[in-house]
Amino acid sequence: MLHDRYSLAFKLYPYAKCPDQTAQTPVRHPVVVVGGGPVGLATALDLGRQGIAVVLLDDHEGIGMGSRAICFAKRTLDIADRYGCGGPMLDKGVVWNVGKVFQDDRQVFEFNLQPEAGHKNPAFINLQQPYFEKFLFEQICAEQKKGAPIQVRGKNRVDAVDRFDDHVQVHITTPDGPYTLQADWLVACDGAGSPLRAMMGLGFDGRVFQDSFLIADIKMTTTNFPTERWFWFEPYFKSGASTLLHKQPDGIWRVDFQIGWDVDRAEELKESNIRRRLDAMLGADVDYDIVWSSIYTFQCRRMDKFRHGRVIFAGDSAHQVSPFGARGANSGIQDVDNLGWKLGLVIQGKAPDRLLDSYDDERIFGADENILNSTRATDFITPKSKASHTFRNAVLTLAEHHEFARPLVNSGRLSVPCVYTQSPLNGPDRLVGGPAQTRVGSSCPDAPLGDGFLLAALGDDFVLLALNADVPDTPLDIDGIAVRAFGVSTTGGRHAQVAERYLGAATSAVYLIRPDQHVAARWPAFDATAVRDAVRTACAKD
Amino acid sequence: MDTLNTKPNLAAPDDFYAALIAAHDGKTDAESEAFNARLILVLANHIGDMAVLRQALAAAQ
Ligand SMILES: Cc1cc2nc3c(=O)[nH]c(=O)nc-3n(C[C@H](O)[C@H](O)[C@H](O)COP(=O)(O)OP(=O)(O)OC[C@H]3O[C@@H](n4cnc5c(N)ncnc54)[C@H](O)[C@@H]3O)c2cc1C
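Because the structure is a prediction, the values reported are computed rather than measured. (Residues numbered from 1 in each chain as written. Chains lettered and ligands numbered in written order. Predicted model: local features only at pLDDT ≥ 70, side-chain atom pairs only at ≥ 80, totals over all residues. Heavy atoms only, no water.)

Residue and element names in this part refer to chain A. Where like charges cluster on the molecular surface, the negative patch consists of Asp279, Asp285, Asp287 and Asp289. Its place among the elements puts Asp289 in strand E17 (residues 288-302). On the accessibility criterion, Asp289 (41% relative accessible area) is partly exposed. (Patch = residues over 30% accessible without salt bridge, like charges linked within 9 Å, V, L, I, M, F, W, Y side chains within 5 Å. Areas by Shrake-Rupley, 256 points an atom, 1.4 Å probe, with all protein chains shown as cover. Salt bridge = Lys/Arg side-chain N within 4 Å of Asp/Glu carboxyl O. Lys, Arg positive; Asp, Glu negative; His and termini not counted. Charge placed at Lys NZ, Arg CZ, Asp CG, Glu CD. Helix = DSSP H or I, 4+ residues; strand = E, 2+ residues; numbered from the N terminus. Buried < 20%, exposed > 50% of the residue type's maximum accessible area, 1.4 Å probe, protein only.)

This paragraph deals with the side chain of Ser411(A). Residue and element names in this part refer to chain A. Within the fold, Ser411 resides in the loop between helix H10 (386-401) and strand E21 (448-449). Residue Ser411 is classed as buried on the basis of its relative accessible area, which comes to 8%. Within the structure, the side chain of Ser411 is placed 2.9 Å from the side chain of Arg229, a separation counted as a polar contact. The contacts of Ser411, once residues within four sequence positions are left out, are Arg229, Phe231, Phe233, Phe324 and Ile381. (Polar contact = N/O pair within 3.5 Å; in protein donor to acceptor, adjacent residues only side chain to side chain. Contact = heavy atoms within 4.5 Å.)

All names here are of chain A. Going through the model one piece at a time under the given rule, you end up with 40 salt bridges over all chains. Glu400 serves as the salt-bridge partner of Arg106, at 2.4 Å between the closest nitrogen and oxygen. One end of the pair, Arg106, is in strand E7 (residues 106-112); the other, Glu400, is in helix H10, and 294 residues separate them in sequence. Looking at Arg106, the relative accessible area reads 23%, which means it is partly exposed. Of the charged contacts, one joins Asp542 and Arg536 as a salt bridge, the two residues approaching to 3.2 Å between their closest N and O atoms. If you follow the salt bridges from partner to partner, you end up with Asp46, Arg49, Arg75, Arg82, Glu143, Lys146, Asp337 and Asp460 in one network.

The next subject is a nonpolar patch on the surface. Side chains of Leu10(B), Phe16(B), Tyr17(B) and Ile21(B) sit close together on the surface and give an oily, nonpolar patch of about 420 Å² of accessible area. Summarising the element assignment, Leu10(B) is placed in the segment before helix H1 (13-23).

The next point concerns the interface of chain B and chain A. Counting residues at the interface gives 8 residues for chain B, matched by 9 residues for chain A. Between chain B and chain A, a total of about 770 Å² is buried, with carbon and sulfur atoms accounting for 80% of that surface. Together, Glu33(B), Arg38(B) and Leu41(B) form the three largest contributors to the area buried by chain B at its contact with chain A, with a combined 57%. Seen at the junction of chain B and chain A, the total is 1 salt bridge. The salt bridge partner of Lys386(A) is Glu33(B), with a shortest N-O separation of 3.1 Å. Looking at side-chain class alone, the side of chain B that touches chain A contains 5 nonpolar, 1 polar and 2 charged residues. (Buried area = accessible area lost by both parts, 1.4 Å probe. Nonpolar A, V, L, I, M, F, W, Y, C, P; charged D, E, K, R; others polar.)

Right, here's the structure in full:
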């Protein structure tokens, strides 16, 4: 039987019976993606855009109600731009710069995250997760119209898998009964509670934080609150041990109350009790409607390995972080960005299967970085010992008058892209005087280029970016992998931000950039043998 | 500087010590703890060097 575990914000892919369900023998597909959250949708989109046939199975018929993620970082928007759906996200999202930190009844300090000039996307936007997912889905539909072989099947619940050396057998339940599929590759994007992980008997170890958070999205009906992020430690209105107020699109505000470990969930979720907390914070004269509320406990944990033969875990199924720093969905999208091109090359026979092991290397490194950051933020917000609490409050007291203490205040560090410094795919970094921000392993920073931006010009294939250096006019073919070259001149003060971010003290440079727009190698000039070797290394061929 | 100075470095050790104790005058235990925490943070920022701070953390154990 199929029961909905949650109600839908958008019904996007109603159940429809498909021929696979009545086939005599299980139909084989190159890729089956399990789960239609942000990570599963992005995976289907990435692979489909490469022309790889993918079937996405989700146990519901669309996107769940309830916002969960609201902060989407620049790197996510850059990736979404590459997929073609960054525009609507940016249009709908709220951009904010001013944040205020309070303790008790006083403002500790205020900050203004002035955006760095010369980037298409801001450092982050606030956008309800259902919109984020809807824009991904709409892009899937747009790609389908252009011929991308993507199928999305609603009310298809995966109940069991049998694993073999060269494929996975997937047992599915639908409203019309069960059927079986075969997949060369299975990408498990089935969320933090991952049924697939359990089916395969795999662990998910880490830390649970002994605190609960009551989260409410409210629509203000009277007041015009400013577009700022307000974070209270130990607020005077006693609605929680900490409280966060954050703006979203459609006049909606996100409020997070830290309410302690042993709470009666049903009691706390009663509208009257939520209103009691909100009224204490907002004052009795502010009118609002409660749009959504929920209680969460947070944990930081990950799987030992994300790749298990032909089954690859991505997003929350592979790793889970507390939401401080907004690293859940943001890191899941980086998983997809990392996995997509690798799986694509392996399926097309252009790279060996072991290229996928580098997904483990790179994204476990990323997951550990995210877990470290969000654990530190959680420890600052919910101190675990008396000494920790004393120091936390000492930081807050000092921060009011002394600038030095402000960087110690940690209500969540913004998600920034991971730099794969130790990756086995990295080639040489031979650019003397080259900027640190574009060292080998980093994701390419954006910069204005002509009427547009650099990242859009890089696209999603291997690229040689040449600055004031000669490169071949025609694409290189390195063992079946096409490498396009394109040059930018920074002479005469042109493209100053490209020069600042990619040349530094050097006068010329050639960058080998991977399809996920991470730097694979860089040199002062083009050398055919060196480029060939670096492309082979980046594809795990050596 | 990248090593912690564990040789005598205070010109007037008795003066410093008296000032430190005097700073706690009239404070409850909780206020003293909070004060100590603030003092550590102020001093740590002044030192700045993570290698030195790590040695200080070890030395104080
Ligand atoms: C309160 C809160 C605030 C957050 N804020 C942020 C934030 O600001 N920024 C951020 O980046 N992240 C944030 N996150 C984290 C973010 O919501 C998650 O990281 C993100 O949803 C993970 O996406 P996913 O696709 O991996 O999994 P999910 O979104 O959980 O999707 C899993 C999908 O798999 C489906 N599924 C499960 N089992 C099966 C099965 N057997 N068969 C078929 N389908 C199945 C589910 O129905 C679901 O559609 C927040 C989370 C919470 C709880």
